[in-house]
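# Observations on chain architecture
Given next are the chains, with one letter for each unit.
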Amino acid sequence: MTKQPVQQAPSVNFEAMTLKDAIDLAVLIEEEARDRYEELAAQLILHRTPAAANFFTKMVRIEELHRSQLLEQRRKQFGDQPVTVRREMIFDVEAPDYDEARMNMTQRQALEVALRSEQKAHKFFVSVLANVQNPEVRRLFEELCDEELEHQQLVKAEMAKLPPPGPHDHVDVGDGPAPQ
Amino acid sequence: MRACSGHLPETKLLVRRLICVPVHPLHRASVRMLDDLILGMAGAGGDGVVSAGESLLNAASSEGYHALMTKSFGSQIRGGESSCRVRLSTKKVLNPGGALDVMVALNWEDFFKFGAELPLSVNTVLIYEEKAGPPPDTLKARGVIPKEMVSVPINELTKKSAGSDKAKTSVVLGLLSGWFGIPSAGIERGLQKKFGSKGEGLLEANQKALATGIEYAKGHPLAAPHELARPEASAGSKLLCDGNDMCAAGALFAGVKFFGGYPITPSTEVMQTLSKEIWKYGGAVLQCEDEIAGIGSAVGASFAGRKSMTATSGPGMDLKTEILGLATIAELPLVILNVQRGGPSTGLPTKAEQSDLLQAAFSGHGDVLRPVLAPTDVEDTFRITVEAFNVAEEFQTPVIILSDQEIAQRKEAVDQIDTSRFSLVERKVPTEAELAEKPYARFALTESGISPISHPGLKGGTYLAAGIEHNEKGDPTSGGVMHAKMNDKRFRKLEPLKKRADLFEQHGNPQAPLGLIAWGSTAGVAREAFLLAKKQGHDVKLLVPYLLNPVAEAVYQGFFESLKHGLLVELSHQGQLYRLLRMYTDVPKGLRSLCRSGANPFQPTELVTRLIELRGLPS
Amino acid sequence: MTAPPLQAKDYKSELKPIWCPGCGDFGVLQGLYRALASIGRPPHEVAFISGIGCSSRIPGYTTAYGFNTVHGRSLPIAQGVKLSNPELLVVVAGGDGDGFSIGGGHVPHAVRRNMDLTYLVMDNQVYGLTKGQLSPTSPKGLETVTSPLGSLEDPINPLLYMLAYGCGFVAQATPADMPGMAALIEDAIRYPGFSFVNIQSPCVTFGEEDQQLKAHKTKLKPLESLGHDPTDQLAAMDLARAYGTELYTGVFYKNPKPPPTYEALVKLRQAEQAKKARPRDRVLDAYLQK
């Protein structure tokens, strides 16, 4: 494996990638994002940060929806042919970084996390497309790339619905951590 | 293993007796026939008196005598004062004995450094090096002047016979053989073994020295001649070993697979023996960087499913405390040998004391019930070690073996042990089928409190062991309800131990009004005192507990029922078993604690006197 | 039928980590799952041993066998486990306080025995579980609740220590580089001997701002990109001196010729000695008077 500091270090050969593998990879990317949101939601529930937790739970559903749509497409085109790509090949493509979560984060901050993640994913697909030759795979990744942009717009629209940020959003008035 | 080896047929028990019979016409005075002889030797470390004692022990036991040797040293690493006591007998030896029958002092200064360990009586034959001059006033100040004191030019005899002073102790052995009828054939065999390979001429020199000693003794008969009776027909070869040897052997027999430890006097010999032997049985010894790592690695081995142990003494025990608690809460079987020495802190590293009982039972924070077993002599150290492994495995708990320096390091010739009467207990491990059937709950709250224990490698049995309180599955919890349930489980599972009558030894009339209680190395003295008191016509009984914790209240209550007066004898300043009993059970007023600090061993006669004195007191 | 290959999620337990949101240990845990999946040993053949501290909670979050022991003692306990069952994959995990303060005395001995263990230290330069006290790797001058006027001590240098102790595999990682970290953990586990990975895993609650993952991302320097030769022990030591100022990631040193492990030597000894064994019920014969 390469040890480059770049987050989306491709450990898969995109140039020679088949459509089946590309779809499978996309499924895994959605899956990773879904699982990460689930984890972050669990962290925030445990740490009594419900508004952000609720939003992350919503993201779990959205990512799962994307995943199942891709799976459906895969089933139609490739049936139950074996999967050859592995989750270990990708890292945090659309999944928010672990250090994005904070106790007492606001709903707006949670939406900002999602926005950054969609931007990250978009960047990933852009960088990958530079190497992809197979036209089918290109088409798939272009679609996904566009979707990420759409998602960004959706998140931004959500954010617009929220009351404007308060002057004390970043102030933590909670009890300090419990010594153990 | 349920058989009680602590039972000693009273007919075989030794009562010291002196019989005056007229013997050989050549002897002018009548010869005192002894069936029990206690010898002491003291000198500078370079003289090799301890090694001479070992030769004597070897010689006597190979002739079929029961024999026991204790040794004592100054604090120098080499060359300081050293001494030994050897007790030879035609019957089973119960303890190192009291006042000496014979004392050999190679110089006065070194002799006087050993106080209570080398006590004289008026009947002691005191043999001393002529060059050292007559006994100084220090002897008078001690209050006992032996009737017979013999000066022998030991140095001169050595030089003359051996041509150097390297055979001094062989002259001494010759003197002892000549004067007390100790068969010289065994001594000679011993010399062969010891010097046969040590360089040209050394063996011959020692043989000459031995012969010279014997000759000298014959030419200079004692005013009150003694002779050691011949042993009864020997029941086969004896085992010659110390308590630490027995512990190592017991562990191997029990199936120990891992030993982690750190050198500390007086327990190190256990690690040394296992370092040589354990590999043969597929096990491993890890000499660790410290005491904590010693017990830590042993706990790790137990977690991995192996029988494991560690050994230490007081200061090491202090350091191991935290991990003892870990083994308790994680319910991991583990055997810990503590060879007690005088404390606190460095204390008396080479002397026995019984002052770690409260530590064994209570050290560490939290509510803990920790089994503590104590051997009472070299022989039963084997059985108690096996028992400790059995208890640890059955109840999934650390178990402490509380030995002490005297038992651990006294060398003894004992009868062979029939190992077929011991059975071995293995921890209850869930089967793969059980694990496949339903999710594994490592700490399931069973009725007995014992829950099957899995180990890494076992499919379906994964769990989290931890020092943190857990639920039945093993997940951490800080809930009070579960904590209470788990504490209750950890105590409940040990209840059956208290009903183990075979972990107690009782002698005498169960209805006797007088009683003695003693544990550990003091039990040997109490056994002899019990027989002595009985012989004197007193209605007395004896209780020796091997299980010290948990306190088996019913056993003690049964013993106390008829008791008007009794002594609980312990070698510690506090009398720790007495205090432990008072904590858990009603102790009758008539039972007194007889206790004193370590390195001041009790004498059988003393116990009898103190017991009889009690009768005037309210009960 | 062969079982499907193990995935990262197969190593994830149902227990929810109690770490603060944003803690670096979440990433470490994820990297660990992935490294294990890549290696592919089933969870029941893996044992995680830890001490006490935030990061020492890790064993509970895996489906492997776990032993969350006492403070500072994970290494000796792990050695007992490994020696007792050398077939197990044994990983030791803990924090900088657990490993280099209270447990510091065990480290050189664990290294010199060279059992096939992997030691992962989640180094956050602070005591988190007890609320923000000075740790052995805290930089000099750091103000904490126990050094309110600034610490007067130099921190220890875990990398340099490990190299000096003779550790055959020394690496540093950060969850700011997830693929790199997962690969390093995997590499460490695969190294046949004692391996050490110092993972800069920030404390989100008590850690300094410049120690957080965002800062890591900008300042980390892969050793590979510097052209470092990981078989050059002296060059590794030279680079390790920058601990605390530079954030180098990757393998500092990997012994190209790993010596036999302790447990391999034990196995040989056991095989050779087994011939000399008396039956177990005759062990006392060793003391029989001839």
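Values in this document were obtained by computation on a predicted structure and should not be read as measured data. (Residues numbered from 1 in each chain as written. Chains lettered and ligands numbered in written order. Predicted model: local features only at pLDDT ≥ 70, side-chain atom pairs only at ≥ 80, totals over all residues. Heavy atoms only, no water.)

## Comments concerning the overall build of chain B
- Within chain B, the regular secondary structure consists of 20 helices and 24 strands.
- In summary, chain B has a C-alpha radius of gyration of 26 Å against a globular reference of 25 Å for 619 residues, a match within 12%.
- Viewed in the frame of its principal axes, chain B has a C-alpha envelope of about 85 × 65 × 45 Å.
- Counted over contacts in chain B with a minimum sequence separation of 6, partners at least 24 positions apart contribute 75%.
- When the accessible area of chain B is evaluated, it comes to approximately 22,500 Å², of which 53% is carbon and sulfur surface. (Helix = DSSP H or I, 4+ residues; strand = E, 2+ residues; numbered from the N terminus. Rg over C-alpha atoms; globule rule 2.2 N^0.38 Å. Contact = heavy atoms within 4.5 Å. Areas by Shrake-Rupley, 256 points an atom, 1.4 Å probe, with all protein chains shown as cover.)

## A short note on a negative patch on the surface
- A cluster of acidic residues, Glu143(C), Glu208(C), Glu209(C) and Asp210(C), forms a negative patch on the protein surface.
- Structurally, Glu208(C) can be placed in the loop between β6 (195-200) and α7 (213-219). (Patch = residues over 30% accessible without salt bridge, like charges linked within 9 Å, V, L, I, M, F, W, Y side chains within 5 Å. Salt bridge = Lys/Arg side-chain N within 4 Å of Asp/Glu carboxyl O. Lys, Arg positive; Asp, Glu negative; His and termini not counted. Charge placed at Lys NZ, Arg CZ, Asp CG, Glu CD.)

## Digging into the domain arrangement of chain B
All names here are of chain B.
- Looking at chain B, the domain boundaries give domain 1 (10-228), domain 2 (244-421) and domain 3 (500-616).
- Each of domain 1 and domain 2 was reduced to a C-alpha centroid, and the two centroids are 35 Å apart.
- Opposite the 18 residues of domain 1 that make contact, domain 2 presents 12 residues.
- Interface of domain 1 and domain 2: buried area, both sides summed, is about 1,100 Å²; carbon and sulfur atoms make up 46% of it.
- Linking Glu379 and Lys92 is a salt bridge whose minimum nitrogen-to-oxygen distance equals 2.9 Å.
- Where domain 1 packs against domain 2, one counts four residue pairs in polar contact (both at pLDDT 80 or more).
- When residues of the side of domain 1 that touches domain 2 are assigned to their parent elements, the largest contribution, eight residues, is made by strand β4 (residues 66-73).
- Looking at the side of domain 1 that touches domain 2 residue by residue, the classes come out as nine nonpolar, five polar and four charged. (Domains from an automatic or database assignment. Buried area = accessible area lost by both parts, 1.4 Å probe. Polar contact = N/O pair within 3.5 Å; in protein donor to acceptor, adjacent residues only side chain to side chain. Nonpolar A, V, L, I, M, F, W, Y, C, P; charged D, E, K, R; others polar.)

## Things to note about the nonpolar core
- One finds Met309(B), Phe382(B) and Phe67(C) to be the most contacted residues of the largest nonpolar core, which totals 144 residues.
- When residues in this core are grouped by element, the largest group, nine residues, is from helix α13 (residues 378-395) of chain B. (Core = buried A, V, L, I, M, F, W, Y, C linked by side-chain atoms within 4.5 Å. Buried < 20%, exposed > 50% of the residue type's maximum accessible area, 1.4 Å probe, protein only.)

## Some remarks on helix α9 (residues 268-277) of chain B
- Listed in full, the buried residues belonging to α9(B) are Thr268(B), Val270(B), Met271(B), Thr273(B), Leu274(B) and Glu277(B).
- Against the buried residues of α9(B) lie α8 (243-254), β11 (258-261), β12 (284-287), β13 (308-312) and β14 (334-340) of chain B.

## A few points about the pairing of β4(B)
All names here are of chain B.
- Among the eight residues in β4, six count as buried, and that is most of the element.
- Strand direction decides the pairing type here: β4 and strand β17 (residues 411-414), joined by three bridges, are antiparallel. Counterpart to Ala67 in the pairing with β17 is Ala413. (Pairing = 2+ DSSP bridges.)

## Describing the sheet that holds strand β22 (residues 547-549) of chain B
Residue and element names in this part refer to chain B.
- Pairing is mixed across the open sheet formed by seven strands, whose spatial order is β12-β11-β13-β14-β16-β15-β22. Whereas interior strands pair on both sides, the edge strands pair on one side only; in this sheet they are β12 and β22.
- Both β11 and β13 contribute to a ladder of two bridges, which runs parallel. Residue pairing for β13: Phe259 is matched across the bridge by Met309.

## Concerning the pairing of β14(B)
Residues and elements named next belong to chain B.
- The element β14 is extensively covered by neighbouring structure, given that seven of its seven residues are classed as buried.
- Of the two faces of β14, the one lined by Leu334, Ile336, Asn338 and Gln340 and the one lined by Val335, Leu337 and Val339 are each fully buried.
- In this structure, β13 lies alongside β14, joined through four bridges in parallel fashion. Within the sheet, the bridge partner assigned to Thr312 lies in β14 and is Asn338.
- Of the pairings in the sheet, the one linking β14 to strand β16 (residues 398-404) comprises seven bridges and is parallel in character. Bridge pairing links Val335 to Val399 in β16.

## As for the sheet that holds strand β21 (residues 540-545) of chain B
All names here are of chain B.
- If you walk across this open sheet you meet the five strands as β19-β21-β20-β23-β24, and the pairing is mixed. Only two strands of the sheet have a single neighbouring strand rather than two, namely β19 (504-508) and β24 (591-595). Put simply, the sheet's adjacent strands are angled 20° from each other on average, direction ignored.
- Running at roughly 165° to β21, helix α17 (residues 522-535) makes contact with β19, β20 (514-518), β21 and β23 (565-570) of the sheet.
- Docked against the sheet, helix α18 (residues 553-560) engages β19, β20, β21 and β24, running at close to 170° with respect to β21. (Axes fitted to C-alpha atoms, helices over the stretch in contact; angles between N-to-C directions.)

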